[in-house]
Amino acid sequence: MRTLALAAVQTAPVARGTKASWERFADQVRSVRDTFPHVQLVVVPELLLSAEAPLLQARADWMREAAVPVPGPLTDRLGALARETGLWLVPGSVYESADDGHVYNTALAVSPSGEIAARYRKVFPWQPYEQTRPGHEFVVFDLPGIGRAGLAVCYDGSFPETARQLAWLGAEVIIQPTLTTTRDREMELVCARANAWTNQVYVVNVNAADPAGVGASVVVDPEGIVRQQAGSGEEVLVDVLDLDTVTRVRRYGSAGINRPWDQLARYGDRIQLPMYGGSFRPVPPRD
């Protein structure tokens, strides 16, 4: 059995207080390790460490003020915290000040050895409100001995291309830090279930707590069933994901019936997809 024990911490930053938000995050990570010693990975909401303020308190200039280089001092601190606790960290996302002069909304995965295992720049910023530069590629990373995870950020989940590409790249779980303050959270929950079911992957969507967000973080299984859902306040969802369930569901079908990846493999290359300039390509073999 390939299991991933994780803690999805639904919390909120200290608005425009990057130092205080870091201290709060580090304390929460240590508390998770002490309280739930079996946990292997901790994930928190989008832009937590960038200390973004609630929507109607946001400042247009905060993005550049809070932006940091990756790698840099912040990722050094994350690496040290990962080594100290022995945990995988997906510390939400940060405003990244890039060498090209742009600011990206960047999700990170840091290994227990303190290395940056993945860096993903949000492909679908929430426009026109979010002013970060869109990224251009989807990212997966391996958890040795466990499986493969993909990264998505908030509004990415509203585009079916995101989850489909991550699953095609071998992701068995999609980790999706989120910062949603608006009533379309209900639609995001529909998307989380649909993305999980249509791609037969786990989806871990971690929203910010009140007052930064409206909460309702979810863990969805590969058949689209909600395993856990948070309320609106601060909360931690602890779960143990059996990644062999992904293998079972893809082999025997969702609800023992539906096997979309098998069907695509059989004749997907004959389907014309003009909007993508080609047809479906077979899933590449795993290393």
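Here is what the cut-offs are and how they apply
- Residues numbered from 1 in each chain as written.
- Predicted model: local features only at pLDDT ≥ 70, side-chain atom pairs only at ≥ 80, totals over all residues.
- Heavy atoms only, no water.
- Helix = DSSP H or I, 4+ residues; strand = E, 2+ residues; numbered from the N terminus.
- Contact = heavy atoms within 4.5 Å.
- Core = buried A, V, L, I, M, F, W, Y, C linked by side-chain atoms within 4.5 Å.
- Buried < 20%, exposed > 50% of the residue type's maximum accessible area, 1.4 Å probe, protein only.

K.L.:
Give a detailed account of the environment of Leu-241, specifying residues and quantitative values.
P.N.:
For Leu-241, the position within the fold is in strand S13 (residues 235–242). Residues Leu-241 and Met-1 lie 240 residues apart in sequence; the distance between their C-alpha atoms is 9.9 Å. Other than its neighbours up to four places away in sequence, Leu-241 contacts Arg-2, Thr-3, Leu-4, Leu-6, Val-173, Tyr-202, Val-204, Val-219 and Arg-227.

K.L.:
Lay out unusual backbone geometry in plain terms, naming residues and giving numbers.
P.N.:
Between Gln-127 and the following residue, Pro-128, the backbone shows a cis peptide bond with an omega angle of 10°. In this model, Asp-210 is joined to Pro-211 through a cis peptide bond whose omega is 10°. With respect to the helices, strands and loops of the structure, Pro-211 is situated in the loop between strand S10 (202–206) and strand S11 (218–220). Its identity is not glycine, yet Gln-200 carries a phi of approximately 55°, on the positive side.

K.L.:
Tell me about the nonpolar core, and please be specific about residues and values.
P.N.:
If you look at the biggest cluster of nonpolar residues, it comprises 50 residues, and the most contacted ones within it are Leu-41, Phe-141, Ile-175 and Val-204. In this structure Val-204 touches Leu-6, Ala-8, Val-43, Val-173, Ile-174, Ile-175, Gln-176, Val-218, Val-219 and Leu-241, once residues within four positions along its chain are discounted. Core analysis: the second largest hydrophobic core is formed by 22 residues, Val-44, Leu-48, Leu-81 and Leu-89 among them.

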